[in-house]
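Per-entry structural report
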Amino acid sequence: SQQGEEDPQALSIQEGENATMNCSYKTSINNLQWYRQNSGRGLVHLILIRSNEREKHSGRLRVTLDTSKKSSSLLITASRAADTASYFCATDIGSTLGRLYFGRGTQLTVWP
Amino acid sequence: ETGVTQSPTHLIKTRGQQVTLRCSSQSGHNTVSWYQQALGQGPQFIFQYYREEENGRGNFPPRFSGLQFPNYSSELNVNALELDDSALYLCASYSRGSGEKLFFGSGTQLSVL
């Protein structure tokens, strides 16, 4: 079963707008990561936030983590058409480093 | 773009056949994980190899097997293919020095007819 679940499943916005995607998970985690996937190809790592962190920034990306609610959000500011992709949150649970549990993803479409 | 390469990019097989997918890990990465991604779903962990040994397995039957070679490249073998095995198969490499993030290849799209 999926550990993480993203919401919404699909998001359509205009260039310049902000995009917010949410992720909920079920069990305690060591860290949570966000990945991006273009057109069903390989995933690209965007950002990692550890369980003892609440917020992290990387360029136009802002990630928050609320471990009490078992949820995270990814904010992309000033979106561009090139941001069109699927975005996945991934959590690690157990002792196997490199074993990640992915949600079903949010399909983001940014219209020019 | 990562240094992880997968081959072939596309493959068509028929039910009951066997398939081998290949992955070359990023330079210096000694751990390789395999994921299956069905259409519209997130990647699902199949198994991981570290120093040529299986090091963790997801909820996949024994007909999914793998190998890792001394140069850290890896193979995923699937026997007795079923229609539901149709998916994108992703390889990801990792090392403790890479800070817990995975580096993914572009995947092999397998279609089972």
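Calculation rules
- Residues numbered from 1 in each chain as written.
- Chains lettered and ligands numbered in written order.
- Predicted model: local features only at pLDDT ≥ 70, side-chain atom pairs only at ≥ 80, totals over all residues.
- Heavy atoms only, no water.
- 1 Å grid on protein atoms, 1.4 Å probe; cavity = no way out; pocket = protein on both sides within 12 Å on 5 of 7 lines; lining within 4 Å.
- Points joined across faces, edges and corners; volume = space filled by probe spheres on them.
- Helix = DSSP H or I, 4+ residues; strand = E, 2+ residues; numbered from the N terminus.
- Buried < 20%, exposed > 50% of the residue type's maximum accessible area, 1.4 Å probe, protein only.
- Lys, Arg positive; Asp, Glu negative; His and termini not counted.
- Salt bridge = Lys/Arg side-chain N within 4 Å of Asp/Glu carboxyl O.
- Polar contact = N/O pair within 3.5 Å; in protein donor to acceptor, adjacent residues only side chain to side chain.
- Contact = heavy atoms within 4.5 Å.
- Phe/Tyr/Trp six-rings, centres within 6.5 Å; stacked < 30°, edge-to-face > 60°.
- Disulfide = S-S within 2.5 Å.

This part takes up the layout of surface pockets. In this structure, the largest pocket spans a volume of roughly 350 Å³. Around the largest pocket sit 19 residues that line it, and Gln37, Ala38, Leu39, Gly40 and Gln41 of chain B are the ones nearest its centre. Those elements that provide at least two residues to the lining of the largest pocket are strand S9 (85–91) and strand S11 (106–111) of chain A together with strand S9 (87–94) of chain B. In terms of residue count, the dominant contributor to the lining of the largest pocket is S9 of chain A (3 residues).

Right, let's talk about the side chain of Asp92 of chain A for a bit. Residue and element names in this part refer to chain A. Structurally, the position occupied by Asp92 is in the loop between S9 and strand S10 (101–102). The charged side chain of Asp92 is buried without a salt bridge, its nearest counter-charge being Arg50 at 7.2 Å. For Asp92, the side chain forms a polar contact with the side chain of Asn30, separated by 3.2 Å. Setting aside residues no more than four positions away along its own chain, Asp92 makes contact with Ser28, Ile29, Asn30, Asn31, Arg99 and Leu100.

This paragraph deals with the packing of aromatic side chains. Taken as a whole and judged by the stated rule, the model has 9 aromatic pairs over all chains. Centre to centre, the rings of Phe60 of chain B and Phe64 of chain B are 5.1 Å apart; their planes meet at 65°, and the pair counts as edge-to-face. Of the aromatic side chains, those joined through ring pairs into one cluster are Tyr35, Phe88 and Phe102 of chain A together with Tyr35, Phe45 and Phe104 of chain B.

Okay, the state of the cysteines next. On inspection of all chains with the given rule, the structure shows 2 disulfides over all chains. Note that Cys23 of chain A is cross-linked by a disulfide to Cys89 of chain A, the S-S spacing being 2.0 Å. Taking the sign of the torsion about the S-S bond as the criterion, the disulfide between Cys23 of chain A and Cys89 of chain A, at about 65°, is right-handed. Of this pair, Cys23 of chain A sits in strand S3 (residues 19–25) while Cys89 of chain A sits in strand S9; the two residues are 66 residues apart in sequence, bridging distant segments of the chain. With a sulfur-sulfur separation of 1.8 Å, Cys23 of chain B is cross-linked through a disulfide to Cys91 of chain B. Disulfide Cys23 of chain B-Cys91 of chain B: torsion about the S-S bond near -55°, hence left-handed.

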